[in-house]
Every structure is written in structure tokens, then in C-alpha cells.
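The lines below spell out each chain.
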Amino acid sequence: MRVRTTAVFAGLLAAALAVTGCSNDAALTGSTEGPGDRPAPSADCPLASAPDPGNSEPPADVPMATAAPKLEPKDSYRVAFSQNASNNPWRLAETASMQAEAEQLDHQLTVTDANNNQAKQIQDVKGLIAQDPDALFIAPITEQLGGVVAEAADAGIPVFLLDRDVDHSVARPGEDYVTVIVSDFVQQGKRAAWAMAQATGGNAKIIELEGTTGSSPAIDRKKGFDEAIAQCPGMEIVVSQSADFTRAEGQRVTETLLQSHPDATAIYAHNDEMALGAIAAIRASGRVPGTDITVVSIDGSRDALTAVEAGELYATVESNPRFGPKAFETMQQYAEQGQVPVQLILSDRLFDASNAAQHIAEAY
Ligand code: AHR
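## Structural notes on the overall build of the protein
Regarding its fold elements, the protein presents 12 helices and 12 strands. Relative to a compact globule of 364 residues, whose C-alpha radius of gyration would be 21 Å, the protein shows 22 Å and is just as compact. In the protein, which comprises 364 residues, the share counted as buried stands at 54%. For the protein, contacts bridging at least 24 residues in sequence account for 75% of all contacts bridging at least 6. In the structure as shown, the protein presents an accessible area of about 14300 Å², 50% of it carried by carbon and sulfur atoms.

Right under this line is the structure:
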């Protein structure tokens, strides 16, 4: 297994550079090799020697939801959850977290699974509206689900969006839905770019595997990564294609793209499942994942942490699927106080060789 730098080391390195006034590791050591067998940080890529950017500052002045349908305080609620898919461990963990919390709090929860199909999710939500639940949780497949979210509000049902957003010009925050509980996907993309710069020294020809087209994580994880690598002239996306957040597509798309871009040295996958498919494709092509091709992704699943430990995945930025406690706490707060902020941002960790092993047991 290769030895890799940790976030802590990067921080110390940045501090050392600040003290000495040196611009990169090569200047300190006189070598073109970085720590372990990693390339030395490129002098023109500040990301390669900076510390992990971490979570973003909580947004200031988030308005309160005051014009969405109200929820009467009760001891027990009839609630519904429209899940967009159950085709990966992340989705299964999110659903399990919602079910466990509902059971714990003695709420009655109905769950639908849209099977990764937007038309089906729209029908699912319409069916749930017809059942007139006290509250409706939706994990929207794409941002185009705004229309049916507004239909729920028109029917007087308070909607809470989980893990993905919708188009605000169609469904108004705080009016057509109460709040959206999400990670900062732009920041996740920036942290993935940081990890990629750490692993490659700031020189990489990158294949990007995008998530489901039109979904907020696919849009924002691309944006954050693009913005961050713009600081590093040696980091270039040579091709970018959707693999729909699934392992099978990740493998199939990577097999094709490695053939059309044999000079690629890195893969940025918008989630772990696609990264794991990409790792299988790299192996099948006769190359060594983690050595010939650096892979970075987002989520923090058990399989991904195991791949980090094996040296095949450099890092994965956490996107925590365990929404149950926060979702029901927010619903309760809305019922009791009549208002909550229209957006609630979660904090995420970053897993690399320095800490992956210690988190495998708790992962999903
Ligand atoms: O919306 C969050 C994303 O959706 C997760 O990263 C992905 O694995 C899931 O399907």
C-alpha cells in the first residue's frame, strides 16, 4: 500500500511553507518527490500544499419558513417519505435511518421507492398526496421535481426535502416546501479537488464521472470541483460523463473512457458507487487503481473506506445519509414553533488513509 499524506500533514506542511517562505515541498527537500511516493506539490497549485478546506461557514441570514402549510403539534404523526431509488448503500442507509427514527418516535411512516425513475417519483408523490399525510419527506431525484412539490403544498401538506434540492423558480423555499436538509455539495466538490491535488501534486488528467443529470449533487459537485481546480493549471478534466450514481454505470462508462483517453491519470467520481465501478474498470484495463490512476469520490460508504484502506481510493468526502434524527427533529420544531430556516446544511468529514480504517465498522 502506498503511503499518503494526511490532512494533518498538509496543514503542517502549509505552516512550514509559511514560516520558511518556500513555495513547495521540492524547495524544502531539493527533491521532486513528495511525501511517501507522492509527487511533490506543484508550485503553481496552491491546493496541493494547502490544508483541507473543511466545511463551509454556515450561510448567514437564511430566511425562516413562515408561509408553508402548517403542522399541528401531536404526539404521533402519519408521515410519508418518497425515496428516489434503493439501488445503492447510501439510499438504503437513508431509508433505514428514516424508518428507525419514525419507529423510535412512534410515528407511522409510509415509504415509496421511485426506482431511479423521475416519472415514477412524480406518480409516487401524487399517490402520497392523495393519502393526505400530516407531513411529506421527499428525496428528489432531480431538481425538476418542483412541480409536484408545489402540488403537495397546494393540498396543504408541509413538505421537507431531504438530501437534494428542487428548482426554486418552480417550488419556493419556505412556501411550497418548508425546508431542504442537505450537505453543501459545492464544498464537497472543492474538498474532492483538494484531495486530488494532494494525491497528484496538482498535475492530473481527470476523467469525471457525474451523478444523475439534473440532480443537485451532480450540478453542485461539478461546480465546486471545477472552481477549485481552476487554481491549478496542471489539473485538467479531459472528459466528463454521467454514470447515474451507480456502480454498474461507473464501471461501464470508465471502461469506455479509459479507451478513448488512455492518458488519463485520475478519476473524480461524484459518489462512491461510481468510484468503485471505476476501480473495477481500471483493474480490468490492466492498470493499478491508486498507483497508475488516482481515484477520489464522495459519500463515505463502507466499501469505499475499505478501498481507501487498500490504497485503491485516495479519499472520499463524507455525505452522511443518516437523515432520520435531523429530519424528524426539524419536523417537530416546525410543528411546535411554526418556523424553521428554509435551508439546513449538514457538516461532513473527509476520509483518507489517515482515518478510514477507524470508521469502517460504523459505516453503511
Ligand atoms: O444526494 C446524495 C447522493 O445521492 C449521494 O452521494 C449518492 O450516493 C446518492 O445516490
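## As for empty space enclosed by the protein
Inspection of the entire model under this criterion finds 3 cavities of 30 Å³ or more. Put simply, the largest cavity is a space of about 200 Å³. If you go around the largest cavity, you meet 22 residues; those closest to its centre are Asn88, Trp90, Arg91, Arg164 and Phe245. Of all the elements in the fold, those that place two or more residues in the lining of the largest cavity are helix 3 (89–105) and helix 7 (216–229). Of the residues belonging to the lining of the largest cavity, the class tally is 7 nonpolar, 9 polar and 6 charged.

## Some remarks on the sheet that holds strand 4 (residues 159–162)
Across the sheet, which stays open at both edges, the 6 strands sit in the order 2-1-3-4-5-11 with parallel pairing between neighbours. Each of the sheet's edge strands pairs with one partner strand only, and the pair in question is strand 2 (108–113) and strand 11 (343–346). The sheet shows a mean angle of 15 degrees between the axes of neighbouring strands, taken without regard to direction. Relative to strand 11, strand 5 (residues 179–183) is paired through 4 bridges, and the arrangement is parallel. Looking at strand 11, one finds that Ile181 is bridged to Leu344. Across the sheet, helix 3 lies against strand 1 (78–83), strand 2, strand 3 (135–138) and strand 4, angled at about 175 degrees from strand 1, the strand it touches most.

## Topic: the state of the cysteines
Note on terminology: disulfide describes a covalent bond linking the sulfur atoms of two cysteines. With the rule as written, the count across this model stands at 1 disulfide. The partner cysteine of Cys45 in its disulfide is Cys232, sulfur to sulfur 2.1 Å. Torsion about the S-S bond of the Cys45 and Cys232 cystine: about 65 degrees, corresponding to right-handed handedness. One end of the pair, Cys45, is in the loop between helix 2 (25–29) and strand 1; the other, Cys232, is in the loop between helix 7 and strand 7 (235–242), and 187 residues separate them in sequence. Cys45 sits in the buried class, given a relative accessible area of 1%.

## Points about the side chain of Glu208
With respect to the element layout, Glu208 can be found in strand 6 (residues 204–210). Judged by its relative accessible area of 0%, Glu208 is buried. When sequence neighbours within four positions are dropped, the list of residues in contact with Glu208 reads Lys222, Ile237, Val239, Ser240, Gln241, Tyr268 and His270.

## Re the sheet that holds strand 10 (residues 315–318)
The 6 strands are arranged 7-6-8-9-10-12 in an open sheet whose pairing can be described as mixed. A single partner strand is all that each edge strand has here, and the edge strands are strand 7 and strand 12 (350–352). Adjacent strand axes in the sheet meet at a mean angle of 20 degrees, parallel and antiparallel pairs treated alike. As paired elements, strand 6 and strand 7 share 7 bridges and run parallel to each other. Residue pairing for strand 7: Lys205 is matched across the bridge by Glu236. Sheet contacts for helix 8 (residues 247–260): strand 6, strand 7 and strand 8 (266–269); angle to strand 6, the most-contacted strand, approximately 145 degrees. Those strands touched by helix 9 (residues 272–284) are strand 6, strand 8, strand 9 (294–299) and strand 10, and its axis lies near 160 degrees from that of strand 9.

Scoring rules and cut-offs
Residues numbered from 1 in each chain as written. Predicted model: local features only at pLDDT ≥ 70, side-chain atom pairs only at ≥ 80, totals over all residues. Heavy atoms only, no water. Helix = DSSP H or I, 4+ residues; strand = E, 2+ residues; numbered from the N terminus. Rg over C-alpha atoms; globule rule 2.2 N^0.38 Å. Buried < 20%, exposed > 50% of the residue type's maximum accessible area, 1.4 Å probe, protein only. Contact = heavy atoms within 4.5 Å. Areas by Shrake-Rupley, 256 points an atom, 1.4 Å probe, with all protein chains shown as cover. 1 Å grid on protein atoms, 1.4 Å probe; cavity = no way out; pocket = protein on both sides within 12 Å on 5 of 7 lines; lining within 4 Å. Points joined across faces, edges and corners; volume = space filled by probe spheres on them. Nonpolar A, V, L, I, M, F, W, Y, C, P; charged D, E, K, R; others polar. Pairing = 2+ DSSP bridges. Axes fitted to C-alpha atoms, helices over the stretch in contact; angles between N-to-C directions. Disulfide = S-S within 2.5 Å.

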